[in-house]
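# Structure assessment
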Amino acid sequence: MSDFIQHGPISTLHDFGTVDSQQLEQALVDATSEYPMGLILPVTAGDMRAPAFARIMDELEGTKFLKTIVVVLNRAPEISDYQECRQLTAKLGNVCRVLWTDGPRGQAALQQLTDAGFNVSVPGKGRAVWAAFGYLLADPDIKAMALHDCDIVNYHRDMLMRLCLPMAHRAFDFDFCKAYYARVTDKMHGRVVRLLMTPLLRSLIQVIGNDDFLVFLNSFRYPLSGEFAITSTLVRANRIPSDWGLEVGTLAEVFRNTSPKRICQIDLGHPYEHKHQPISLEDAQRGLMKMTADILHSIFRTLSSRGIVFSMGMFNTLESAYLRAAQDAIRQYHADAVINGLSFDRHSEEQSVEGFARLITQCGQEFFENPIIAHEMPTWTRVRSAIPDFPHTLRRLVEGDAAEYS
Ligand SMILES: O=C(O)[C@H](O)COP(=O)(O)O
């Protein structure tokens, strides 16, 4: 049972365990009859072959509240990858489309953008999601789009329904809904949220002050969740980072393009388990260290765009403040873990924090030397002003691949 605290400028929608799946589904079917929604599933060839994806397909089979499901297949170079993806998604029926970014048509579409002067060269989840947004924007009926990762081991349809309902519900006017949950099994996961984001935001507020964006970011219970829903109008205006800054970069754009009172976060109602990456303490280009570096760059860039002037001295202060805040947080997690009978490896938590702390000054130095480097996809408003038909190009691509390779 959750508490009912409302904390910070955004609305928090808890799970009190008082609504069952049938009630949720009925409410959503009613609401989406006037407010059609799409779903985006970014998946790699590797992840589509894992059991989590099969489970997600089983749970989504027969859903009646989605107008379109776009499975955006990336990091999948072979025609056989595409064909396998079509087979794995076949049970979703006609509402499902596979958008293959790595095939000849996908590559030609990216080339068209490059020729028009857009930098779309960085592959990954950000670019895949961006392309799926464009695909759905070609349908003027779709009012909002939801998105979730495809490595959720304990996926349940309720999770998606809870994510979609705040957007579609007739009595609400939310522009953006972000998921939160406990990443807990026999131990606490969510290492980047727990050990980096939470203490980092506390220390940034301590060093910089109560900047509105920092307070906003700090009010999310799980700022790195890969699950959110967003209106089509906001999708057009949002810039999307193509690296691991996707989640915090999206929050920064949402903060800029709408108002906190039109933003909510919802408890997905189930614990969340997914594929865990290695932390890679020795290599800032891999694993959670790379994720952390991209997040730090994204936050520093956003703060700089809000007029905050950084100095190397400030990054040094931030590293010390972060270390202290992170050590305090570890003490709190430890007590929470013990009380709940979870195992807790204090030594590895401390090692992670020390690695993240080093990255603060390292990324600060990089940012100092080159503050405007960002791997961001262009906004859809800009793409459409340069190539008005481009969302329809993506539609033709999907239909062409389906006709040729199926
Ligand atoms: O959410 C996070 O903090 C990162 O994705 C890492 O998650 P994990 O510790 O559950 O692997």
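Structure first, text after, so check above.
What you are looking at is a predicted structure, and each value in this text was computed from that prediction instead of being measured.

## A closer look at the layout of surface pockets
- Within this model, the largest pocket holds a volume of roughly 1000 Å³.
- Elements represented by at least two residues in the lining of the largest pocket include exactly helix 8 (191-208), helix 9 (212-218) and helix 13 (312-339).
- Among the elements that take part in the lining of the largest pocket, helix 8 stands out by supplying six residues, more than any other.
- Here the lining of the largest pocket is composed, by residue class, of 16 nonpolar, ten polar and seven charged.
- Here the second largest pocket is characterised by a volume of approximately 870 Å³.
- Along the wall of the second largest pocket there are 36 residues; nearest its centre are Lys125, Asp149, Trp244, Gln277 and Met291.
- For the lining of the second largest pocket, the element with the highest residue contribution is helix 12 (residues 287-305), accounting for five residues.
- Of the residues contributing to the lining of the second largest pocket, the split by class is 14 nonpolar, ten polar and twelve charged.

## Some words on the packing of helix 12 against helix 14 (residues 346-369)
- One way to put it is that helix 12 packs onto helix 14 with a least axis distance of 9 Å and a crossing angle of 50°. The angle between the axes of helix 12 and helix 14 places the two elements in the oblique class. Between helix 12 and helix 14 the crossing geometry is right-handed. On the side of helix 12, the interface is formed by Leu288, Met289, Thr292, Ala293, Leu296, His297, Phe300, Arg301 and Ser304, while helix 14 contributes Gly355, Phe356, Leu359, Ile360, Cys363, Gly364, Glu366 and Phe367.
- Classifying every residue of the contact of helix 12 with helix 14 by side-chain character gives ten nonpolar, five polar and two charged.

## Things to note about the environment of Asp175
- Mapping Asp175 onto the fold places it in the loop between helix 7 (157-168) and strand 6 (176-180).
- Each C-alpha atom of the pair Asp175 and Leu296 lies 26 Å from the other, and the pair is 121 residues apart in sequence.

## Some details on the pairing of strand 2 (residues 37-44)
- When you tally the buried positions in strand 2, you get seven out of eight residues, the bulk of the element.
- Alignment of strand 2 against strand 5 (residues 144-147), held across four bridges, turns out to be parallel. Its bridge partner being in strand 5, Ile40 is matched across the sheet by Leu147.
- Note that strand 2 and strand 3 (residues 68-74) share seven bridges and pair parallel. Paired with Thr44 across the bridge in strand 3 is Asn74.

## Comments concerning the side chain of Asn238
- When you line up the elements, Asn238 lands in the loop between helix 10 (232-237) and strand 8 (240-241).
- Here the side chain of Asn238 touches Asn257 through a polar contact of 2.9 Å, side chain to side chain.
- Ignoring sequence-local partners within four residues, the contact set of Asn238 consists of Ile230, Thr250, Glu253, Val254, Asn257 and Thr379.

## Re the environment of Ser121
- With respect to the element layout, Ser121 can be found in the loop between helix 5 (104-115) and helix 6 (125-137).
- Engagement of the side chain of Ser121 in a polar contact is seen with the side chain of Asn119, the distance being 2.7 Å.

How each quantity is defined
Residues numbered from 1 in each chain as written. Predicted model: local features only at pLDDT ≥ 70, side-chain atom pairs only at ≥ 80, totals over all residues. Heavy atoms only, no water. 1 Å grid on protein atoms, 1.4 Å probe; cavity = no way out; pocket = protein on both sides within 12 Å on 5 of 7 lines; lining within 4 Å. Points joined across faces, edges and corners; volume = space filled by probe spheres on them. Helix = DSSP H or I, 4+ residues; strand = E, 2+ residues; numbered from the N terminus. Nonpolar A, V, L, I, M, F, W, Y, C, P; charged D, E, K, R; others polar. Axes fitted to C-alpha atoms, helices over the stretch in contact; angles between N-to-C directions. Parallel < 35°, antiparallel > 145°, perpendicular 65-115°, else oblique. Left-handed = near helix turned anticlockwise from the far one by under 90°. Contact = heavy atoms within 4.5 Å. Buried < 20%, exposed > 50% of the residue type's maximum accessible area, 1.4 Å probe, protein only. Pairing = 2+ DSSP bridges. Polar contact = N/O pair within 3.5 Å; in protein donor to acceptor, adjacent residues only side chain to side chain.

Any functional reading would require information that these geometric values do not contain.
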